[in-house]
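Summary of structural features
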Amino acid sequence: MKFEEEVNMRTIRLRLNEVMAQRGLTQTQLAELSGVRQAAISEMSRNIREQINIKTLVKIADALEINDISELLSLEYIPQGAEESTEPKKEDR
């Protein structure tokens, strides 16, 4: 008898929009405070970036005065059969 192993995939989600809203900041303001390009902030806030440099993450955390990185990141399960897409939706382009 052959058993199929259920694979639970996980992804890290950046909670940037939530944190910016709590702090009353816009993407432009965060870009100015952190020194990170506004376009990069926009991509990160939409969770369409596949990779984020740790130095960039530290700059953002410092600008947002975050000491606990779990305030900015969450680990989420991707439902089985659902594919995680990093491509922007047509309306986002």
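The preceding data block contains the structure.
Read on for an overview of the structure. Residues take numbers from 1 onward in each chain, read along the sequence in its written order. Local features in this predicted model are restricted to residues of pLDDT 70 or higher, and side-chain atom pairs are both shown and tallied only at a pLDDT of 80 or more, whereas totals for entire chains, interfaces and linings draw on every residue. Values reported for side chains reflect all heavy atoms of the structure, with hydrogen atoms and water molecules removed beforehand.

**A word on helix 3 (residues 38–45)**
Partly exposed residues are those whose accessible area sits between 20% and 50% of the maximum for their type, while under 20% is buried and over 50% is exposed, using a 1.4 Å probe and protein chains only. Numbering of helices and strands runs from the N terminus, with a helix taken as a DSSP run of H or I at least four residues long and a strand as a DSSP run of E at least two residues long. For helix 3, the complete set of buried residues consists of Ala 40, Ile 41, Ser 42, Met 44 and Ser 45. Residues of helix 3 that are buried in the fold lie against strand 1 (9–14), helix 1 (16–23), helix 2 (27–34) and helix 4 (54–63). Contacts were defined at the residue level, with two residues in contact if any of their heavy atoms lie within 4.5 Å.

**Remarks on the nonpolar core**
One finds Leu 16, Leu 30, Ile 41, Met 44, Ile 60, Leu 64 and Leu 72 to be the most contacted residues of the largest nonpolar core, which totals 17 residues. If you list the elements that add at least two residues to this core, you get helix 1, helix 2, helix 3 and helix 4. At 4 residues, helix 4 tops the list of elements feeding residues into this core. Not counting residues within four places of it along the chain, the set of residues in contact with Ile 60 comprises Leu 16, Leu 30, Ser 34, Val 36, Ile 41, Met 44 and Leu 72. The set of buried Ala, Val, Leu, Ile, Met, Phe, Trp, Tyr and Cys residues whose side-chain atoms join them within 4.5 Å is what this entry labels a nonpolar core.

**Digging into the pattern of salt bridges**
The working definition used for a salt bridge is a side-chain nitrogen of Lys or Arg within 4 Å of a carboxyl oxygen of Asp or Glu. Applying the stated criterion across every chain, the model contains 5 salt bridges. Here Arg 13 ties to Glu 76 by a salt bridge, and the two come within 2.7 Å at their closest N and O atoms. With Arg 13 in strand 1 and Glu 76 in strand 2 (residues 73–78), the pair connects residues that are 63 residues apart, well separated along the chain. Residue classification places Arg 13 among the partly exposed residues on the basis of a relative accessible area of 24%. In this structure, Glu 71 engages Arg 23 in a salt bridge whose closest nitrogen and oxygen atoms are separated by 2.9 Å. With a gap of 48 residues between them, Glu 71 in the loop between helix 4 and strand 2 and Arg 23 in helix 1 connect regions that are remote in the sequence. Glu 71 gets classed as partly exposed once you look at its relative accessible area, which sits at 28%. Overall, Arg 23 belongs to the partly exposed group, its relative accessible area being 31%. Via salt bridges that share partners, Arg 13, Arg 15, Glu 18 and Glu 76 belong to a single interconnected network.

**So, the packing of helix 1 against helix 3**
Two measures define how a pair of helices packs: the angle their axes make with one another and the distance between the axes. Only the stretch in contact is used when a helix axis is fitted, and all axes are lines through C-alpha atoms; the angle between N-to-C directions ranges over 0 to 180 degrees. Relative to each other, helix 1 and helix 3 sit at 110°, their axes nearing to 8 Å. Classified by the interaxial angle, the pair formed by helix 1 and helix 3 is roughly perpendicular. Contacts from Leu 16, Asn 17 and Met 20 of helix 1 reach helix 3 at Ile 41, Met 44 and Ser 45. Throughout, the term roughly parallel applies to angles under 35 degrees, roughly antiparallel to angles over 145, roughly perpendicular to angles from 65 to 115, and oblique to all others.

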